[in-house]
Amino acid sequence: MHRIQYHQYGGPDTMRLEEFELPAPQAGEVAVSIRAASVNPIDWKLRQGQLKVMTGRAFPRAMGSDFAGVVSAVGPGVTQFQPGDHVYGMTRLKESGAYAEAVITLESYLALKPAGLTFEQAALLPTGAVMAWNGLVERAHLRKGQRVFVNGATGGVGEAVVQVARMVGATVAGSTGTASVVRARELGVEPVYDYTGLGAAELAQLQAGAFDVVFDTSGTLPVRTAMRMLRKSGVFLDINATPAKFLHAAVNRRRHKIFFCTPTTQILTEAADAAVAGDLGMRAGETVLLGAAIGLIADLEKGRKIPGKGLILVDPAAGD
């Protein structure tokens, strides 16, 4: 089998499409033949070594977190899935491996793919949907009628956050780049701030004390700005950790919450149901085959903008 992997931490030039041998799934694990995968910034951040304290120094290391495919084998103790099931989900952070023909992940990191979603549509969902649920529902306990500000409202995570917030019944304001203002309004974001022409200080002054939740999906919102935008009982949701942010969050545990993506079958099932209902969906900005994926990943890592997520087709001839 083939997958994209690397033999040392570093830049895009370390990626290789190489052969590998998929082991048999162990207890609680599921092997999946991948049909489609999608690209997330966390994938190249891991390869760059930004989280090597967690990922370690054993090589080669695989890339990719979000995928959809067909179960090929299950390990001992797995009860929710069986070979032939159409599933979607995520890999474990340390192992990764979604940019591949097959992968092994935990049973709890998967959900059944509804017939109403294609493999491509399902592969675009996991990270964004799970981060939105983890933050808005589990950490902030968002309620109907509350106000949310999404920094990076049209990014891969941002679009999911906007949609989940609106599903809960919150009103959403946010920021995005000039080219994506129209898209943000299509999602229901109002007002929309163009962050290329509005500084953090001006934004904080305009929206001081206005929000129950400020969700920074792009990592560009200064902590001081986010905190000024919150109501007294508000929560700043932060998915881009730094040592300074960890220190601030430790002192302000109730109002500043740093968290990582934590998938569960329940969250993934609810996200898939919402997608089938038309309430949640991610766009494919560009689609490539696995053999051409390294070029797309490298371009996105270098800052090329596309109107949606990068989508990798692994077995397009197999159908849904």
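Residues numbered from 1 in each chain as written. Predicted model: local features only at pLDDT ≥ 70, side-chain atom pairs only at ≥ 80, totals over all residues. Heavy atoms only, no water.

Some thoughts on the overall build of the protein
Tallying secondary structure elements over the protein gives 11 helices and 16 strands in all. The globule rule puts the C-alpha radius of gyration for 320 residues at 20 Å, and the 19 Å found for the protein is close to it. Overall, the C-alpha framework of the protein stretches about 55 × 40 × 35 Å when taken along its three principal axes. Every one of the 320 residues in the protein was classed for burial, and the buried ones make up 53%. Looking at the protein alone, contacts between residues at least 24 apart form 67% of all its contacts between residues at least 6 apart. For the protein, the distance from the average position of its 32 positive side-chain charges to the average position of its 29 negative side-chain charges is 11 Å. (Helix = DSSP H or I, 4+ residues; strand = E, 2+ residues; numbered from the N terminus. Rg over C-alpha atoms; globule rule 2.2 N^0.38 Å. Buried < 20%, exposed > 50% of the residue type's maximum accessible area, 1.4 Å probe, protein only. Contact = heavy atoms within 4.5 Å. Lys, Arg positive; Asp, Glu negative; His and termini not counted. Charge placed at Lys NZ, Arg CZ, Asp CG, Glu CD.)

Some points on the packing of aromatic side chains
Counting across every chain of the model gives six aromatic pairs. Taken together, a centroid distance of 6.1 Å and an interplanar angle of 45° make the contact between Y6 and Y9 tilted. With respect to class, Y6 is no different from Y9; both count as buried. Measuring from centroid to centroid gives 6.0 Å for F215 and F259, while their planes differ by 75°, and the two rings are edge-to-face. One end of the pair, F215, is in strand β12 (residues 211-216); the other, F259, is in the loop between β14 (256-258) and α10 (265-276), with 44 residues separating them in the sequence. Connected via pairs of aromatic rings, a cluster forms that spans Y6, Y9 and F59. (Phe/Tyr/Trp six-rings, centres within 6.5 Å; stacked < 30°, edge-to-face > 60°.)

Comments concerning the nonpolar core
Counting 52 residues, the largest nonpolar core has Y88, L136, V148, L237 and L280 as its most contacted members. Apart from residues lying up to four places away in sequence, L237 is in contact with G135, L136, R139, A140, V213, V214, F215, D216, K257 and F259. (Core = buried A, V, L, I, M, F, W, Y, C linked by side-chain atoms within 4.5 Å.)

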